[in-house]
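# Inside the fold
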Amino acid sequence: MIKVSHLSRSYGQFQAVRDVSFEVGKGQIVGLLGPNGAGKTTVMKILTGYHYPSTGDAWIKGIDVQADPLGAQALIGYLPESSPVYPDLTVLEYMEFMAGVRRLPTADREEVIDRVLKRTAADGFRNKVIGHLSKGQKQRVGLAQAILGDPEILILDEPTTGLDPNQILEFRHLIQEIGKEKTVILSTHIMQEVEAICDRVLIMNQGQIVAEGEASDIAKNLQGEERFKVRLKGVTASTALESLARVPGLKSAPTVAEEGLDPLLECAFPKDSGGGETLFDWAVSQRYKIVALVPQTLSLEDLFVQLTKETPHEQNV
Amino acid sequence: MNRMFSVWRKELRSLFNSPVAYGAILFFLIFTAVWFLWMDQFLAQKVASLRNYFALFPLAFIVLVPAVTMRSWADERKMGSQELLLTLPVRTGHLVLAKFLAAWTLILTMILLTIPMTVMVTGLGQFEMGEILGEYIGSILLSGAATALGIFLSGLATNTISAFLMSLGSLLILTLSVTLGAALSLPDAVGNILRFFSLDARYANFQRGLIDTKDALYYVWFAVLFLYLNTKVLILRKWR
């Protein structure tokens, strides 16, 4: 549905996006994750035809955005950053305007607007002037506007910023619901959001995509080792540690995570070396009882920090 | 076309949902009527002509047109809604035209609301109806040209105040250049150039009841030029 190839965009001297390529299939929810200034918003502005790329191309359902912006824009519902709306209009007037631009048949307009406002829980304040709404209410109106007219593709730039925790949960639920039928790209710098609702994640940093795939896959690939925490029963930490250190094939020296009678030890094996089995055999041979053996994976948060700390363009220079 | 109509309607709603529109209309009607009847002493003069009344219109437009057009693009940019507007499936040229037509609709409303006043006054004596018709056509065309300029400048400005001031300054020069030029006794060549670009010099012909296609076309081209430039600027920004 969405294809982007070798996209770059500079603003004067500043290169916001460098050589970005990706594809998004129908019915996927893809998260663009990255710190502020990573180029997420720029990618969205190019996809919606608000800005043209310096080099590279973007296609929406096979339509080249730059060659036929109107054709592409007709397929997209867009919620720009901080969901701008018209403060002088009432919610209903705004939705009527959007319905006109989206060319909904006049006969069903009222019904469609009604349905969309109910879906985004915005029908309670439909006759209020938008300027008087709270941030969360405005955000709902922004989302209502984006899904009006049933566009096949939704582009949501930081849809949950400025919402309270309850609203964030509601919003995520709503986006997941919508994502069942539509292709959604959303940007965020909140890790949990991606883990909660996205099928796939593109992690951006300094204008480049630094990782791509399912959140769990990215974590696995990035991890160069198998890390375990093991809790033993009836042995002191120091004795167990001494014995564990002699186990062959360890990547680095084990450490004590928790002292006490049921100590918790942490150790690492090289990737794909069957470390769990080795640990179990060791415990049996030493007659220790394993109370818990937990493989450690990087959380998306760790990943995010690890990926975005690096500065890819400095390496390229 | 339908999409353009939707944008036009949204713009009109935005204009009329704020007090500026009503303030501008009231100011226009009261200012022109009071000045004409009281300051000009129309009733005491016993002259069957509304030329002095219509001569006030370009002066009022110097302030009122910028007040109406200043928010047009500048507000959209400030609030970020421009991004949404420009990513809707509507041609950029149609967006510009819709904004222009909405602002012009408001100005035309002002002009049309003076009809009761003209009808009342013309009942007092033998008035030249051709002259009054020319004056209406002239002020409608003039206001269109001024509105297009205002919309264009609002598109260049980063905030409403600078949009207002830029439009005010430009209209002031374009309206009063001939009068100022005469007062400063500039050379003929300069005076002719000023007269060519002046919005007011051509209006004077309409006021005499002379409807010249050349004058009418000047206003039309003036408006088209600035609407075209407005569209170009918006499209160029996609690259910047």
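Cut-offs used in this document
- Residues numbered from 1 in each chain as written.
- Chains lettered and ligands numbered in written order.
- Predicted model: local features only at pLDDT ≥ 70, side-chain atom pairs only at ≥ 80, totals over all residues.
- Heavy atoms only, no water.
- Core = buried A, V, L, I, M, F, W, Y, C linked by side-chain atoms within 4.5 Å.
- Buried < 20%, exposed > 50% of the residue type's maximum accessible area, 1.4 Å probe, protein only.
- Contact = heavy atoms within 4.5 Å.
- Helix = DSSP H or I, 4+ residues; strand = E, 2+ residues; numbered from the N terminus.
- Pairing = 2+ DSSP bridges.
- Axes fitted to C-alpha atoms, helices over the stretch in contact; angles between N-to-C directions.
- Salt bridge = Lys/Arg side-chain N within 4 Å of Asp/Glu carboxyl O.
- Polar contact = N/O pair within 3.5 Å; in protein donor to acceptor, adjacent residues only side chain to side chain.
- Patch = residues over 30% accessible without salt bridge, like charges linked within 9 Å, V, L, I, M, F, W, Y side chains within 5 Å.
- Areas by Shrake-Rupley, 256 points an atom, 1.4 Å probe, with all protein chains shown as cover.
- pLDDT = per-residue confidence, 0-100.
- Phe/Tyr/Trp six-rings, centres within 6.5 Å; stacked < 30°, edge-to-face > 60°.

### Overview of the nonpolar core
- Core analysis: the biggest nonpolar cluster contains 116 residues, and Tyr94(A), Phe97(A), Leu148(A), Leu199(B) and Tyr219(B) have the highest contact counts within it.
- The residues contacting Phe97(A), other than those within four sequence positions of it, are Tyr86(A), Ser6(B), Val7(B), Lys10(B), Leu85(B) and Leu88(B).
- Counting 27 residues, the second-largest nonpolar core is a separate cluster that includes Val4(A), Val30(A), Ile46(A) and Ile153(A).

### Let's talk about the side chain of Glu158(A)
Residue and element names in this part refer to chain A.
- Here glutamate 158 lies in the loop between strand S7 (153-157) and helix H6 (165-179).
- For glutamate 158, a relative accessible area of 9% gives the class buried.
- Non-local contacts of glutamate 158, meaning those with residues more than four positions away in its chain, are made with Asn36, Lys40, Glu81, Gln139, Ser187, Thr188 and His189.

### Here's the deal with the sheet that holds strand S6 (residues 76-79) of chain A
Residue and element names in this part refer to chain A.
- Taking strand neighbours across the sheet as the criterion, the six strands line up as S6-S7-S8-S3-S9-S10 in an open arrangement whose pairing is mixed. If you trace the sheet from one side to the other, it starts and ends with S6 and strand S10 (208-213), each paired once. Ignoring which end each strand starts from, the neighbouring axes of this sheet average 15° apart.
- Note: S6 against S7, four bridges, orientation parallel. When the bridges of S7 are listed, leucine 79 appears paired with leucine 156.
- Sheet strands in contact with helix H1 (residues 40-47) are strand S3 (29-33), S6, S7, strand S8 (183-188) and strand S9 (200-205), and its direction is about 150° off that of S8.
- Where helix H5 (residues 135-147) meets the sheet, it contacts S6 and S7, and its direction lies at approximately 170° from that of S6.

### Here's the deal with unusual backbone geometry
All names here are of chain A.
- The residue aspartate 19 is not glycine, and still its phi comes out positive at about 45°.
- Positionally, aspartate 19 belongs in strand S2 (residues 14-24).
- What makes aspartate 19 partly exposed here is its relative accessible area of 45%.
- One non-glycine residue, arginine 287, lies in positive phi territory at about 60°.
- With respect to the secondary-structure elements, arginine 287 resides in the loop between helix H10 (275-286) and strand S14 (289-296).

### Some details on the pattern of salt bridges
Residues and elements named next belong to chain A.
- Applying the stated criterion across every chain, the model contains 24 salt bridges over all chains.
- A salt bridge links glutamate 193 to arginine 172, with the shortest nitrogen-to-oxygen separation between them at 3.2 Å. Residue glutamate 193 is located in helix H7 (residues 191-197), and its partner arginine 172 is located in helix H6; the two are separated by 21 residues in the primary sequence. Summarising the burial analysis for this pair, glutamate 193 and arginine 172 share the class buried.

### Quick word on the pairing of strand S12 (residues 255-258) of chain A
Residues and elements named next belong to chain A.
- Two elements, S12 and strand S13 (residues 264-270), share three bridges in a ladder whose sense is antiparallel. In the strand pairing of S13, threonine 255 is matched with glutamate 266.
- Hairpin geometry of S12 and S13 is characterised by an intervening segment of five residues between the two adjacent antiparallel strands and by a positive phi of about 115° at glycine 260.

### Structural notes on the side chain of Arg172(A)
- On the accessibility criterion, Arg172(A) (13% relative accessible area) is buried.
- At a separation of 3.2 Å, a polar atom in the side chain of Arg172(A) contacts the side chain of Glu193(A).

### Notes on the sheet that holds S12(A)
Residues and elements named next belong to chain A.
- Spatial strand order, S12-S13-S11-S14: four strands in an open sheet with antiparallel pairing. The open sheet has two edge strands, S12 and S14, and neither has a second partner. Sheet twist, expressed as the mean angle between neighbouring strand axes with direction ignored, is 30°.
- Contacts between helix H9 (residues 237-245) and the sheet are confined to strand S11 (225-233), S12 and S13, with S13 contributing the most and set at about 10° to the helix.
- In the packing of H10 onto the sheet, contacts are made with S11, S13 and S14, and the angle to S11 comes to roughly 25°.

### Here we look at a nonpolar patch on the surface
Residue and element names in this part refer to chain B.
- On the surface, Leu26, Ile30, Val34, Trp35, Leu37, Trp38, Met39, Leu43 and Leu124 cluster together into a nonpolar patch covering about 940 Å² of accessible area.
- Ranked by the residues each element gives to the nonpolar patch, the list is headed by helix H2 (residues 19-39), at seven residues.
- Along the chain, methionine 39 turns up in helix H2.

### A closer look at the confidence of the model for chain B
All names here are of chain B.
- Mean pLDDT for chain B: 91, with 100% of residues reaching 70 or above.
- When the elements of chain B are averaged for pLDDT, helix H3 (residues 42-45) gives the smallest value, 77, and helix H7 (residues 92-112) the largest, 97.
- Prediction confidence for the complex, expressed as pTM and ipTM, is 0.85 and 0.87 respectively.

### Looking at the packing of aromatic side chains
- Here the structure, examined in full by the defined rule, presents 25 aromatic pairs over all chains.
- Here Phe228(A) and Phe269(A) contribute two aromatic rings whose centre-to-centre distance is 6.2 Å and whose plane-to-plane angle is 70°, an arrangement assigned as edge-to-face. Taken together, the residues Phe228(A) in strand S11 and Phe269(A) in strand S13 connect sequence positions 41 residues apart. In this pair, the class of Phe228(A) matches that of Phe269(A), namely buried.
- An angle of 70° between the planes, with centres 6.1 Å apart, marks the rings of Phe196(B) and Tyr218(B) as edge-to-face. One end of the pair, Phe196(B), is in helix H11 (residues 188-197); the other, Tyr218(B), is in helix H13 (residues 213-237), and 22 residues separate them in sequence.

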